[in-house]
Amino acid sequence: GQDKFYGDEEMCSTAGDYLKRFDAISVREKSGVSICRNVFGVHADQVMDPVFLCSRQQYDVMLTGISKPLPKRYLLCYILDPNEEEEKLAREIAEHEGLEILTILGMKEYARTINRWHTGEVLPRVTTPEFLYYVKNCDYLLTDSHHGTCFAIIYQKQYVAIANASRGRTRFATVAKILHLENRVFDDPKDAINDKSIYKKINYDKVEAYMRLKVEESKQWLISAL
């Protein structure tokens, strides 16, 4: 998820030796292709994040039997690293769109972040199917998570992504570039607050067309590798 590999010479040498044992290697980011070549001495091909290789309908199978009370219309915030500016952005979007706010905090981070987010209703620890349920039914999604962004796209939601540099900004940038959604990614929540284009509807017909091409290419890579 980063544009550089952080490891000492011995670690890189050892990893490179193991990687050379593989018949095929895929990576998610373009930067990963360069890292594999320059750091580990192996060839890698860029493919779509694997979550895109399943359709909405396949994910919906996981939702069978889930029935949670929901606001009529709501903004879902899926936040890993809460801060005041993200909260301010959440309130701005909710007010502009007339939405209630539901928040899911990262499961690993929940204990240390629960006291750092005070906007809307914070949901208790949710299961993976429940996470998909809340994404599927929201009207807008605000997230600083790469995979939160991916599932917003899979379920064709209006969204804003705050690129989380400490967790790998290139992940956000790669998907945005492939699907021509660069205008939905911001490095700073304050920039999103001042950008009214975040309320412009995403043309998912175009996004789907871009995605189909890359997903098919990625599936063919996998079939060939197997």
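Our subject is the structure listed above.
A brief structural summary.

Cut-offs applied
- Residues numbered from 1 in each chain as written.
- Predicted model: local features only at pLDDT ≥ 70, side-chain atom pairs only at ≥ 80, totals over all residues.
- Heavy atoms only, no water.
- Helix = DSSP H or I, 4+ residues; strand = E, 2+ residues; numbered from the N terminus.
- Expected span 1.5 Å × (residues − 1).
- Buried < 20%, exposed > 50% of the residue type's maximum accessible area, 1.4 Å probe, protein only.
- Contact = heavy atoms within 4.5 Å.
- Polar contact = N/O pair within 3.5 Å; in protein donor to acceptor, adjacent residues only side chain to side chain.
- Phe/Tyr/Trp six-rings, centres within 6.5 Å; stacked < 30°, edge-to-face > 60°.
- Lys NZ or Arg CZ within 6 Å of the ring centre and 35° of its normal.
- Lys, Arg positive; Asp, Glu negative; His and termini not counted.
- Salt bridge = Lys/Arg side-chain N within 4 Å of Asp/Glu carboxyl O.
- Pairing = 2+ DSSP bridges.

Taking 1.5 Å of rise per residue, the 22 residues of helix α10 (residues 204-225) would be expected to cover 32 Å, and the 30 Å separating its terminal C-alpha atoms lies within 8% of that figure. The set of residues buried in α10 consists of Tyr204, Val207, Glu208, Met211, Lys214, Val215, Ser218 and Trp221. Residues of α10 that are buried sit in contact with β1 (26-27), β2 (45-46), α3 (56-60), α7 (146-154), β7 (158-162) and α8 (165-178). Two or three places before aspartate 205, at the start of α10, stands the capping residue asparagine 203, its side-chain oxygen 3.1 Å from that residue's backbone nitrogen.

Phi angles above zero are rare outside glycine, and glutamine 156 is one such case at about 55°. Its location among the elements puts glutamine 156 in the loop between α7 and β7. Given the relative accessible area of 30%, glutamine 156 is considered partly exposed. Backbone geometry places histidine 180, a non-glycine residue, at a positive phi of 60°. Considering the arrangement of structural elements, one finds histidine 180 in the loop between α8 and β8 (185-186).

Further remarks concern the packing of aromatic side chains. Going through the model one piece at a time under the given rule, you end up with 5 aromatic pairs. Note on tyrosine 78 and phenylalanine 131: the rings are 4.8 Å apart at their centroids and 55° apart in plane angle, and the pair reads as tilted. One end of the pair, tyrosine 78, is in strand β3 (residues 74-79); the other, phenylalanine 131, is in helix α6 (residues 128-137), and 53 residues separate them in sequence. Side by side, tyrosine 78 and phenylalanine 131 carry an identical accessibility label, which is buried. An aromatic cluster is present here, built from Tyr59, Tyr78, Phe131 and Phe151 joined pairwise through their rings. Its end group placed over the ring of tyrosine 159, arginine 184 keeps NZ or CZ at 5.9 Å from the ring centre.

Attention now goes to the side chain of glutamate 86. Its place among the elements puts glutamate 86 in helix α4 (residues 84-97). No salt bridge is formed by the buried glutamate 86; its nearest oppositely charged neighbour, arginine 116, is found at 7.4 Å. Contact partners of glutamate 86, with chain neighbours within four places excluded, come to Ile79, Asp81, Trp117, Leu142, Asp144, Ile162 and Pro189.

This part takes up the pattern of salt bridges. A full pass over the atoms with the stated rule returns 10 salt bridges. Among the ionic pairs, glutamate 29 bridges to arginine 28, the shortest N-O distance being 2.8 Å. A residue is classified by how much of its surface remains accessible, and glutamate 29, at 5% relative accessible area, is buried. Put simply, glutamate 208 and arginine 56 hold a salt bridge, and the shortest N to O gap is 3.4 Å. Note that glutamate 208 is positioned in helix α10 and arginine 56 in helix α3, a separation of 152 residues in sequence. The class of arginine 56 is partly exposed, set by a relative accessible area of 26%.

It is worth spelling out the sheet that holds β3 at this point. Sheet strands line up and pair through hydrogen bonds in the backbone, either parallel or antiparallel. Across the sheet, which stays open at both edges, the 6 strands sit in the order β5-β4-β3-β6-β7-β8 with parallel pairing between neighbours. Strands at the two margins of the open sheet, each flanked by one partner only, are β5 (121-122) and β8. Judged from the 2 bridges that link them, β7 and β8 form a sheet pairing that is parallel. Paired with isoleucine 162 across the strands is phenylalanine 186, a residue of β8.

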